[in-house]
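Reading the structure
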Amino acid sequence: MEAVVAHFFVTPKLYDLDKTLLPAVEPLLGYLGSRFDEKTWFVKLYWGCLDALESRCVKPPQLDVWVLPTASACGCGGCKQLVQFCMDPFRVELQLPCPGRDAKEHLIDSVRRNQMPFVISNEEGALENEYEPLFCIKTGAEEDFDQRSVDRHSKLQEEYDRNMSTIEDMRAWIAERCGLVSALIDSLDEEQDSWYTPGYWTD
Ligand SMILES: [Zn+2]
């Protein structure tokens, strides 16, 4: 059985961590119950999954943060959205729908009076066209900025957070049951490159 488990981890393309191995861990735990620690193969499977998760879980690089503080005394929905946009760290562009010339003139005026830190790139066109949204872009982001890269980053960050949460749950579980202290877990991290390669585990 242990040889089978070792095979899982040296052929990750055949035994996908997310689709095959991790979903198997919980039902196996239910099946083994308190006998889980008599089953060396299961402990190895558990640690192997945890280690594989940790190996691939790389924190996304820091992104430029685009918080540009501003304020508006007006509490209308449009002005509130503009202030929120300025405070959003990961958004530099906004298409704000605001049908009607009066509504647009009000927002354009609000942006000027409050010296909000962005430009509206289609003022004239939007005023003439009832349903054209206002295109806002933060000051300093007019060139060389790709909102898609920010959206991709958000996805990576979400994936990272999800993986870290699984890792923390798995660490807590095994630490509690095996009486391991966190220092030991950390030392296992350090040798993570080798610890599920063939031959590493011997009884
Ligand atoms: Zn307003």
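Okay, so let's go over this structure. (Residues numbered from 1 in each chain as written. Predicted model: local features only at pLDDT ≥ 70, side-chain atom pairs only at ≥ 80, totals over all residues. Heavy atoms only, no water.)

Once that is clear, we can look at the coordination of the zinc ion. Reference geometry at the metal: tetrahedral coordination by four donors gives ideal angles of 109.5 degrees; octahedral coordination by six donors gives 90 or 180 degrees. Of the protein atoms, only C74 (SG), C76 (SG), C79 (SG) and H106 (NE2) coordinate the zinc ion, at distances of 2.0 to 2.3 Å. One can describe the site at the zinc ion as tetrahedral: its 4 donor atoms subtend angles covering 106 to 114 degrees at the metal. On the basis of relative accessibility, which here comes to 1%, the residue C79 falls in the buried class. (Donors = N, O, S within 2.8 Å, 3.2 Å for Na, K, Ca; no water. Tetrahedral: all angles 85-135°; square planar, octahedral: opposite > 155°, others 65-115°. Buried < 20%, exposed > 50% of the residue type's maximum accessible area, 1.4 Å probe, protein only.)

Let us now look at the packing of aromatic side chains. Under the criterion given, the structure shown has 5 aromatic pairs. With a centroid separation of 6.1 Å and 90 degrees between ring planes, the pair formed by W41 and F42 is classed as edge-to-face. A relative accessible area of 17% means that W41 is categorised as buried. Here F85 and F118 contribute two aromatic rings whose centre-to-centre distance is 5.5 Å and whose plane-to-plane angle is 70 degrees, an arrangement assigned as edge-to-face. With F85 in helix 4 (residues 77-87) and F118 in strand 2 (residues 118-120), this pair connects stretches of sequence that are 33 residues apart. For the pair shown, F85 and F118 are each scored as buried. Three or more aromatic residues joined by ring pairs make a cluster, and in this case those are W41, F42, Y46 and W173. Directly above the aromatic system of Y31 lies the positively charged group of R35, at a separation of 5.8 Å from the ring centroid. Positioned over the ring face of F85 is K138, at 5.0 Å from the centre of the ring. (Phe/Tyr/Trp six-rings, centres within 6.5 Å; stacked < 30°, edge-to-face > 60°. Helix = DSSP H or I, 4+ residues; strand = E, 2+ residues; numbered from the N terminus. Lys NZ or Arg CZ within 6 Å of the ring centre and 35° of its normal.)

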